[in-house]
Amino acid sequence: MRLWAHKPLASNIRGLSAGALLCALWLSLMAVPAVATPAVTEAPASASTDQVLAEMVDPKFQPINSTKALKSSEQSVVRVLVVYRGFGGVPLDAVGMGSGFVVAPGYIVTNFHVVEAPPEASSAEIYIVPHKDTGAGYQQVELVKSWTEGDLALLKAPSLKVAPLKLYLTPQKNQRIIAMGYPGVTDRLLKRGGTELLVPADAYVTQGSIALFASTNPDGGRVDTLFHTAPVNPGNSGGPLLDECGQVVGVNTWSAASSLSDSGDFDVPAGQYVATHVSALNTFLSSAGITPQIQGEACYAKSEDEISKDDALTKALAAAAEAQRQRLEQAKKAEAASALMDQLQLAALVVLSVLVLVLIVVHIRREREHKEKAAPTAYAPEPDTTPESADAKPLHLKTTPAKVRIKHPFPWGWTLLGVLVVILAMVFVVRDSGLWARHNAKKAAAETASEGLVRLACEVDKSASPRPLSGAGPTEFEFEASRACVNNRTPYERQADGSLLRFTVSDSEPFAAKLELSKDGLRFKRSDYRLSPEAHQAYVSQRTALGTLRCASPDNTGQQAALKDNLQKVRTLAQSYLTAQPETQTVWRCHKTEAAKAVN
């Protein structure tokens, strides 16, 4: 007779618990994050823009603000008035007028012909009228030294508290210069005369450039002079000729006078103005025991407007450099974190896989033991044939239990479950890991490089162009995807998604454009933006400062790196101006026509 032992309820619960545990382990394995890559966010660049700016620009090459420098130098320019007295101290009707400038504390230089008394005068009183911004009033000064051949005079004004001008001894031809002084024609036009000339006023300023150097002056003296094109008039005599940094390069002395030609016509020369060279001035001051301030380095100056535009561009580039530095730093951290997570995931995958397999083995062993305990037992009784007697004792049957050997089937189901868990986990991890992304990126790059140079013909897609550019029509161009280059000269910036980007601005019209090209070059989009005149002018000047960009040689890695950096600068600059909605948007659909031959 066979005895069947029913499986206890507890065994069913244990089997159910083991299955639930395996499912929970599998779910936990799937829940392990594939690659915890920190988000690369662009941190605000303003926090350290100044530091980056300081690193980018050498202080030695920082331009001087010529607007401020010249305004400061103007305060050192004075009006010179000479009152002539005849015999008996009677003032003459004529008054000498000119200009001068401070060369040392309490000392002023002017032309000798400005303070020279005419033959009819027995004496002369010299007065100076400082610039109105100094807060000083007119005062009488003393002539302490003169140089007739060089037409220079040194005046002493002990109570004048005005900063002296610096001398720059090596001016260059074609250098921009500024003439300052108090020409009489300006006073006449402003109806100023008499005692009104003693009221402090602004100096008159003109601009030009150095045209010629000479070793003699128009009077025939052996004195170094320079010809220039900054207009001067009577009254400018003795005033300074300055460079853009407000440093003295000459003393205005002569201008070409009109003459009567043989035909009776007046010959009026234009742009012929002469100044005593600063080296001659320095020699004169040294002979008088005056040590002026001398600037040895060349002047590098820009106007305040130019500096403002340059600063805006420099700050934008510094902000872009700082943002790029932060992106690279965070990218390195992300890459390190990604590598660490890959290792942790691999370790977790191995541990969990082994744990799953161990649990499966343990579960199988427990089920085998349970089946062996619950299996039926066969008994073989041995009957005793000895006759019973009265005196015989009861006989006990002796039984020998015989175990039945049970053959267990191979646990294919559990084995397949374990293998499936491991395979699914590996697929899940590899699919979402950086390995898969890098593989796809290399594959895409290889596919792009294999395409080479192709010629594309494009037609306007009116359905995708809600506000098309007026006059937009078919266009053709050559496209080399591996270099992101159009027509073998125009570079585009490759974006993270593989698309290409470029920004342009018109020199004459207040428009800028954003050009987008798909990764395969089959979709071209142009967005045009209208700019205000001020924004357009600033944008053009700053974009011009970055120079013309051309496609880099495929074999020149240095050139490619420089181009990539410049394209990023152009993008940063453009995005600071193209903030409004585009006025027009035009989309072209392109198709390949034929392969083009690459030209390196």
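Relevant structure appears above.
A brief report on the enclosed structure follows. As the structure is a prediction and not an experimental result, all values here were calculated from the model.

### A word on the overall build of the chain
Looking only at helices and strands, the chain has eleven helices and 29 strands in total. Taken over 600 residues, the chain has a buried fraction of 37%. If you take every contact in the chain between residues at least 6 apart in sequence, the share linking residues at least 24 apart comes to 71%. Carbon together with sulfur atoms contributes 56% to the accessible area of the chain, which is approximately 35100 Å² in total.

### Let's talk about the pairing of strand β3 (residues 91-104)
Of the strand pairs in this sheet, strand β2 (residues 77-85) and β3 are connected by eight bridges, and their pairing is antiparallel. Across the sheet, residue R85 finds its bridge partner in β3, namely P91. Connecting the antiparallel pair β3 and strand β4 (residues 107-110) is a turn made up of two residues, with G106 showing a positive phi of about 80 degrees.

### Comments concerning the environment of R571
With respect to the helices, strands and loops of the structure, R571 is situated in helix α11 (residues 557-577). As for R571 and K514, which are separated by 57 residues in sequence, their C-alpha atoms are 9.6 Å apart. Not counting the four nearest positions on each side in its chain, R571 is found in contact with E493, L501 and F503.

### Examining helix α3 (residues 66-74)
For α3, the complete set of buried residues consists of S66, A69, L70, S73 and E74. The arc that holds the buried residues of α3, viewed along the axis, is 135 degrees, so those residues lie on one side. Exposed residues lying more than 90 degrees from the buried face of α3 are K68 and K71. In this structure, the buried residues of α3 make contact with β1 (64-65), β2, β9 (176-181), β10 (204-214), β12 (240-242) and β18 (301-302). Structurally, the start of α3 carries an N-cap: the backbone nitrogen of T67 is 3.1 Å from a side-chain oxygen of N65.

### A word on the state of the cysteines
By the definition in use, this model includes three disulfides. Across a sulfur-sulfur distance of 2.0 Å, C245 and C299 are joined as a disulfide pair. Judged by the sign of its S-S torsion, about 90 degrees, the cystine formed by C245 and C299 is right-handed. Here C245, found in the loop between β12 and β13 (248-255), pairs with C299, found in the loop between β17 (294-295) and β18; they are 54 residues apart in sequence, far enough to count as distant. Relative accessible area serves as the criterion here: at 9%, C245 is assigned to the buried category. Within the chain, bonded cysteines paired by disulfides and numbered along the sequence follow the pattern 1-2, 3-6, 4-5.

### Regarding the pairing of strand β7 (residues 152-156)
Within β7, four of the five residues are buried, which leaves it mostly tucked inside the rest of the structure. Bridge count for β4 against β7 is four bridges, and the pairing is antiparallel. Across the sheet, the residue bridging to V109 is L154, located in β7. Where strand β6 (residues 139-147) and β7 come together, five bridges link them in antiparallel fashion. Each bridged residue has a counterpart across the sheet, and for W147 the counterpart in β7 is L152. Between β6 and β7, which pair antiparallel in sequence order, lie four residues; one of them, D151, sits at a positive phi of approximately 55 degrees.

### What about the nonpolar core?
The biggest cluster of nonpolar side chains holds 22 residues, and the ones touching the most others in it are F101, V109, L154, V248, L281 and L285. At the level of secondary structure, the elements contributing two or more residues to this core comprise β3, β7, β9, β13 and α6 (278-287). If you tally residues by element for this core, the top one is α6, at four residues. Apart from the residues within four sequence positions on either side, L154 is in contact with V103, Y107, I108, V109, E142, L143, V144, K145, F284, L285, A288 and I290.

### Looking at the pattern of salt bridges
Considering all chains together, one arrives at 14 salt bridges under this definition. The salt bridge partner of R176 is E244, with a shortest N-O separation of 3.1 Å. Residue R176 is found in strand β9, and its partner E244 is found in the loop between β12 and β13; the two are separated by 68 residues along the sequence. Residue R176 is classed as partly exposed on the basis of its relative accessible area, which comes to 45%. Residue class for E244 comes out buried when judged on its relative accessible area of 17%. A network of salt bridges, in which partner residues are shared, links R79, D187 and R192.

Calculation rules
Residues numbered from 1 in each chain as written. Predicted model: local features only at pLDDT ≥ 70, side-chain atom pairs only at ≥ 80, totals over all residues. Heavy atoms only, no water. Helix = DSSP H or I, 4+ residues; strand = E, 2+ residues; numbered from the N terminus. Buried < 20%, exposed > 50% of the residue type's maximum accessible area, 1.4 Å probe, protein only. Contact = heavy atoms within 4.5 Å. Areas by Shrake-Rupley, 256 points an atom, 1.4 Å probe, with all protein chains shown as cover. Pairing = 2+ DSSP bridges. Arc of directions from axis to C-beta. Polar contact = N/O pair within 3.5 Å; in protein donor to acceptor, adjacent residues only side chain to side chain. Disulfide = S-S within 2.5 Å. Core = buried A, V, L, I, M, F, W, Y, C linked by side-chain atoms within 4.5 Å. Salt bridge = Lys/Arg side-chain N within 4 Å of Asp/Glu carboxyl O.

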